[in-house]
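# Chain and residue survey
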Amino acid sequence: VRTRKVACSATKCKEPKPPEKEPCTCAHCAACDIDFRLLILYCIYFGQAFFALIVFVQYLRSASMTEDDFIKPGRLRRCGGFFSKAFPPLLRILVLVQLIQVIWLVFDTYLGSILQEYLGPFAKDCFASNDLRSSSIAISVLWLLQGLMGRCT
């Protein structure tokens, strides 16, 4: 609700008098439009977790199988074999897309305020958000841990 005091100092005021209260939808006033990119990043994380869970279950399932089970696999096992062959490259691609998103997030959060004389008012208020700074640090650390764990295997 937007409120304002309406006062007329003239002897005769123009009619109709403006409303003192009226409903309104106010947008966020900070110059930091990053919500859509965070949504994309979170969707990539959940998609990656879903595909990784499918691959993990398929590896567990195949670890308990004997050589004879692989001679004449059924349709369900062939479908599982397809997933365990096709999803690991997809997971690597998602990790690289995450890297681009994380670099973009860190750039907007930290370098946008520093480089605003060169970039203009682009993302100049992102650094003012403590939640965004904490989130970008946490996301960067998690991506680095994910990359290191992938290198160690």
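Residues numbered from 1 in each chain as written. Predicted model: local features only at pLDDT ≥ 70, side-chain atom pairs only at ≥ 80, totals over all residues. Heavy atoms only, no water.

### Brief notes about the nonpolar core
- Judged by nonpolar contacts, I34, L38, L41, V95, V102, L105, C126, L132, I139 and W143 together constitute the single largest core of 10 residues.
- When residues of this core are traced back to their parent elements, those giving at least two are helix 1 (35–63), helix 2 (75–114) and helix 4 (130–152).
- Among residues more than four places away in sequence, those in contact with W143 are Y45, V95, Q98, L99 and V102. (Core = buried A, V, L, I, M, F, W, Y, C linked by side-chain atoms within 4.5 Å. Buried < 20%, exposed > 50% of the residue type's maximum accessible area, 1.4 Å probe, protein only. Helix = DSSP H or I, 4+ residues; strand = E, 2+ residues; numbered from the N terminus. Contact = heavy atoms within 4.5 Å.)

### Examining the pattern of salt bridges
- Tallied over the entire structure, the rule returns one salt bridge.
- The salt bridge partner of R37 is D108, with a shortest N-O separation of 1.9 Å. A residue pair is termed long-range when its members are at least 10 positions apart, and R37 in helix 1 and D108 in helix 2 qualify at 71 residues. Neither residue differs from the other here; R37 and D108 are each classed as buried. (Salt bridge = Lys/Arg side-chain N within 4 Å of Asp/Glu carboxyl O.)

### What to know about the confidence of the model for the protein chain
- This prediction gives the protein chain a mean pLDDT of 80; 88% of its residues lie at or above 70.
- Within the protein chain, strand 1 (residues 2–3) has the poorest average pLDDT of any element, 66, and helix 1 the best, 87. (pLDDT = per-residue confidence, 0-100.)

### Quick notes on the packing of helix 1 against helix 2
- Where helix 1 contacts helix 2, the axes come no closer than 8 Å and their chain directions differ by 150°. Overall, the two elements helix 1 and helix 2 adopt an arrangement that is roughly antiparallel. You can see that helix 1 and helix 2 cross each other, and the crossing is left-handed. (Axes fitted to C-alpha atoms, helices over the stretch in contact; angles between N-to-C directions. Parallel < 35°, antiparallel > 145°, perpendicular 65-115°, else oblique. Left-handed = near helix turned anticlockwise from the far one by under 90°.)

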